[in-house]
2 protein chains.
Amino acid sequence: MSDSRSRRRATGRTTLADVAQAAGVSPITVSRALRGERAVDPALVARVQEAAQRLGYVPDPAARALASQRGTHVAVLIPLLSNALFVDLIEAVQRALRPAGYQTLIGITHYDESEEEQLLREQLLHRPAGLIVTGFERSAAARALIAGSGVPCVHVMETSTQPGQYSVGFSQQDAGRALTEHLLAQGRRRIAFAGAQLDARVMQRLQGWRQALQAVGGHDPRLEFLHPAPSSIALGGQMLEQILAFRPAVDAIFFCNDDLAQGALLAALRLKVAVPRRLAIVGFNDLTGSEHMLPPLTTVRTPRAAIGEAAARMLLGLIRGEAPATPGVDLGYELVVRGSS
Amino acid sequence: MSDSRSRRRATGRTTLADVAQAAGVSPITVSRALRGERAVDPALVARVQEAAQRLGYVPDPAARALASQRGTHVAVLIPLLSNALFVDLIEAVQRALRPAGYQTLIGITHYDESEEEQLLREQLLHRPAGLIVTGFERSAAARALIAGSGVPCVHVMETSTQPGQYSVGFSQQDAGRALTEHLLAQGRRRIAFAGAQLDARVMQRLQGWRQALQAVGGHDPRLEFLHPAPSSIALGGQMLEQILAFRPAVDAIFFCNDDLAQGALLAALRLKVAVPRRLAIVGFNDLTGSEHMLPPLTTVRTPRAAIGEAAARMLLGLIRGEAPATPGVDLGYELVVRGSS
DNA sequence: CTGAAAGCGCTTACAG
DNA sequence: CTGAAAGCGCTTACAG
């Protein structure tokens, strides 16, 4: 009757055993009924659910993780949170994962391979139920960690080239090509590319720019301006000044990200460079503020929220052991033509 | 000799027991030596650490959480990730927490009390080692959840008024007053306040604006423009137009956040309203881009990175059971006067 | 300062 | 379809 002599460490928590007792079944049956795993007599399931509900039972994530060797959270690795792109992605992932009972753990790699590797190592110790990573470019060690972990993983923001890899994204290269073709269609001939950060996706956009120009015999490598610093409004202004100083004949600039293009538009206002008459300026991603610039910025709208949601759904399926209908989902992009081109 | 007949669920993981055996001590001693809890013979500690190092032992977070009823992560509740302010805060928190072995779990409340309550409930089930929440305003149920959980909690972004609460922030009201006094010192007399979102901190800035104007007998309630929508560049432009239409004599506008002020500056360019000659515009927070606007934006620089770091350090102390030297830390703010005023 | 025992609350693996 | 037993890898509580 009395537990006072025992070594109990009462936590006051309602446990599986409590529910089992209330429902008149064994704890294992409660566990199975609640998780929907294996077949359980529907009548028992109902009885168990009623009891769990009544007692306010909530499974202990730590106990579950220890017993099953699998956590109730998903780790998401992104380069940066200061790029609004990834904020939209994360919000969408979280919105899809939370109702399914998974927490989202955000790891920030700062575009650094060794940081990513280190984060991966840490996260994997916590046995996430799933993993979402940005793009395909990473160290061999990082790839080995992912593959060796047995944790389902979805890659986002790019389209997959290799089989056996799950991904949700769009073709950065096609988008870069389409944006350049738009400038060509507007009659622009000396089109510069201004890239910062120089991560894999920026280089893919650059490749699209090259393709479009090569197709019309107008590719000039001297119009590639690549800066390793993170993209920012400040850098965009600097790059504009630099490009105009070095290549005054340039009649359009393709900035690899909207923040650069916004900075360039502000600098153009300051320098009294007429946009788009004298110079067309286009960006990428359609970030906040771009439509309110002077003139409004032409850009490529990227479906990062849709990507986040689709990636989360695919991951939930993989966690349940289902093979996705399409392992590599391409969600496309949308050219948004505004006043700056 | 053979485990093949047993019901072992081999995980291949190096455990406490492995380290204990290698060091020739009991598992409990290993546990204590590694955590630095209670006094352990220094010689043994060295021996244990060497063995742990050699075997590549890493504690299992799930097992630890289950046994100790306390997780190895900290939950951080913020209103939004799309405000760069909170991104800076989160990055700083994570930077301070990671080396200490704590993961950061981000919960987004969307400025919604019931969402915050729900998040708190979920997070508390996971038994976080600590909690960081934004400001002091929340539902009674949420406050009760925090207090009843026994989980150490630090409030950020505001200064504390109540005893027994830990906080790191600055006085939003003082900052609002100082910014308004700056406008008065510049000779502005009809100073409007434009607020969006209308969360507690915005209302504190409004209060500072009122104070400054009341002190000089220039407070006019008709110059308070309050909009419940989230602040954004687009809304800033709209509010500027609206204010100029309703109160054409206004000679300065205090926008409660930089994104509003940036939108207002862009709208002023479009409408050819001379800033600062005809109209001074000031913002709050010193967000990305503000210094590159035309003209550059006068604003208040808020120490959110320092707040994140200090809050994380205070929390680590509280987790260790130490009382902080100062329970309410005020990190101040900095007036940044640029061309727009 | 050190340890043997029990327990945290689940799920896996085996049986029936 | 259901269950008794064991185990996941730690830490707590009690003793000495």
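What counts and how
Residues numbered from 1 in each chain as written. Chains lettered and ligands numbered in written order. Predicted model: local features only at pLDDT ≥ 70, side-chain atom pairs only at ≥ 80, totals over all residues. Heavy atoms only, no water. Helix = DSSP H or I, 4+ residues; strand = E, 2+ residues; numbered from the N terminus. Rg over C-alpha atoms; globule rule 2.2 N^0.38 Å. Areas by Shrake-Rupley, 256 points an atom, 1.4 Å probe, with all protein chains shown as cover. Lys, Arg positive; Asp, Glu negative; His and termini not counted. Charge placed at Lys NZ, Arg CZ, Asp CG, Glu CD. Expected span 1.5 Å × (residues − 1). Buried < 20%, exposed > 50% of the residue type's maximum accessible area, 1.4 Å probe, protein only. Contact = heavy atoms within 4.5 Å. Buried area = accessible area lost by both parts, 1.4 Å probe. Salt bridge = Lys/Arg side-chain N within 4 Å of Asp/Glu carboxyl O. Nonpolar A, V, L, I, M, F, W, Y, C, P; charged D, E, K, R; others polar. Core = buried A, V, L, I, M, F, W, Y, C linked by side-chain atoms within 4.5 Å. Least-squares fit on C-alpha atoms with pLDDT ≥ 70 in both. pLDDT = per-residue confidence, 0-100. Pairing = 2+ DSSP bridges. Axes fitted to C-alpha atoms, helices over the stretch in contact; angles between N-to-C directions. Right-handed = clockwise from strand over helix to strand, strands pointing away.

**Considerations on the overall build of chain A**
Link 1 in the chain: A tally of helices and strands in chain A yields 12 helices and 12 strands.
Link 2 in the chain: For chain A, the C-alpha radius of gyration of 26 Å lies well beyond 20 Å, the compact-globule estimate for 341 residues.
Link 3 in the chain: Taken over the C-alpha atoms alone, chain A extends approximately 90 × 40 × 35 Å along its principal axes.
Link 4 in the chain: Here chain A has roughly 14900 Å² of accessible surface; of this, 51% comes from carbon and sulfur atoms.
Link 5 in the chain: Looking at charge distribution, chain A has the averaged site of its 36 positive side-chain charges lying 3 Å from that of its 31 negative ones.

**Overview of helix α5 (residues 84-97) of chain B**
Residue and element names in this part refer to chain B.
Link 1 in the chain: Between its terminal C-alpha atoms α5 stretches 20 Å, which fits the 20 Å expected from 14 residues at 1.5 Å a residue.
Link 2 in the chain: Most of α5 is tucked away: 11 of the 14 residues are buried.
Link 3 in the chain: Buried within α5 are the following residues: L85, F86, V87, L89, I90, E91, A92, V93, Q94, A96 and L97.

**A short note on the interface of chain A and chain B**
The extent of an interface is frequently quoted as the accessible surface area lost upon association of the parts.
Link 1 in the chain: Listed per partner, the contact involves 44 residues of chain A and 44 residues of chain B.
Link 2 in the chain: Across the chain A/chain B interface, buried area totals approximately 4000 Å², and carbon plus sulfur atoms make up 59% of it.
Link 3 in the chain: Of all residues in chain A, R98, Q103 and H292 of chain A give up the largest surface area on contact with chain B, accounting jointly for 15% of the area buried on that side.
Link 4 in the chain: There are four salt bridges connecting chain A and chain B.
Link 5 in the chain: One salt bridge in this structure joins R98 of chain B and E122 of chain A, with 3.0 Å as the shortest N-O distance.
Link 6 in the chain: Among the elements of the structure, α4 (61-68), α5 (84-97), β2 (103-108), α6 (113-125), α10 (233-246) and α11 (258-271) of chain A are those that each provide at least two residues to the side of chain A that touches chain B.
Link 7 in the chain: Counted by class, the side of chain A that touches chain B contains 21 nonpolar, 14 polar and nine charged residues.

**Observations concerning the nonpolar core**
Link 1 in the chain: By size, the foremost hydrophobic cluster in this structure holds 149 residues, and its most contacted members are I281 of chain A together with I281 of chain B.
Link 2 in the chain: Excluding its chain neighbours within four sequence positions, the residues that come into contact with I281 of chain B are L240, I253, F255, A261, A264, L265, V275, L297, T298, S340 and S341 of chain B.

**Brief notes about the relation of the copies chain A and chain B**
Link 1 in the chain: For the pair chain A and chain B, the best superposition has an RMSD of 0.1 Å and corresponds to a rotation of 180° with a translation of 0.0 Å parallel to the axis. Such values leave the two copies arranged in the relation of a two-fold axis. When C-alpha distances to the rotation axis are compared across chain A, the minimum falls at A62 of chain A, with a value of 2.5 Å.
Link 2 in the chain: Here 100% of the interface residues in chain A have copies in chain B that are interface residues too; the copies meet face to matching face.

**Here we look at the confidence of the model for chain A**
Caution applies to low-pLDDT parts of the model: their predicted coordinates are not meant to be read in detail.
Link 1 in the chain: Overall, the prediction assigns chain A a mean pLDDT of 93, with 97% of residues at 70 or greater.
Link 2 in the chain: Segment residues 1-7 of chain A: pLDDT under 50, and one contact once partners within four positions in sequence are set aside and those in other chains are kept.

**Focus: the sheet that holds strand β7 (residues 224-227) of chain A**
Residues and elements named next belong to chain A.
Link 1 in the chain: With parallel pairing, the four strands of this open sheet are ordered in space as β7-β6-β8-β9. The strands lining the two open edges of the sheet, one partner per strand, are β7 and β9 (280-282). On average, each strand axis in the sheet is inclined to that of its neighbour by 15°, with strand direction left out of account.
Link 2 in the chain: Pairing of strand β6 (residues 191-196) with β7, which is carried by four bridges, proceeds in the parallel orientation. Bridge pairing links G195 to L226 in β7.
Link 3 in the chain: Where helix α8 (residues 172-185) meets the sheet, its contacts fall on β6, β8 (252-255) and β9, and the angle it forms with β8 comes to roughly 165°.

**A short note on the pairing of strand β1 (residues 73-78) of chain B**
Residues and elements named next belong to chain B.
Link 1 in the chain: Extensive coverage of β1 is indicated by the burial of six of its six residues.
Link 2 in the chain: Residues of β1 alternate between two faces, with H73, A75 and L77 on one and V74, V76 and I78 on the opposite face, all of them buried.
Link 3 in the chain: Alignment of β1 against strand β2 (residues 103-108), held across six bridges, turns out to be parallel. Of the residues in β2, the one forming a bridge with V76 is I106.
Link 4 in the chain: With α5 bridging β1 and the parallel β2, this β-α-β connection has right-handed handedness.
Link 5 in the chain: The pairing of β1 with strand β3 (residues 130-134) spans four bridges and is parallel.

**Points about the pairing of strand β5 (residues 166-169) of chain A**
All names here are of chain A.
Link 1 in the chain: Examined bridge by bridge, strand β4 (residues 153-157) and β5 share four bridges and lie parallel to one another. The residue bridging V154 from the neighbouring strand is Y166, located in β5.
Link 2 in the chain: Both β5 and strand β11 (residues 328-330) contribute to a ladder of three bridges, which runs parallel. What sits directly across from S167, in β11, is G328.

**Some remarks on the environment of G332 of chain B**
Residues and elements named next belong to chain B.
Link 1 in the chain: With respect to the helices, strands and loops of the structure, G332 is situated in the loop between β11 (328-330) and β12 (334-336).
Link 2 in the chain: As a C-alpha pair, G332 and Q173 span 159 residues in sequence and 11 Å in three-dimensional space.
Link 3 in the chain: In this structure G332 touches G169, F170 and P303, once residues within four positions along its chain are discounted.

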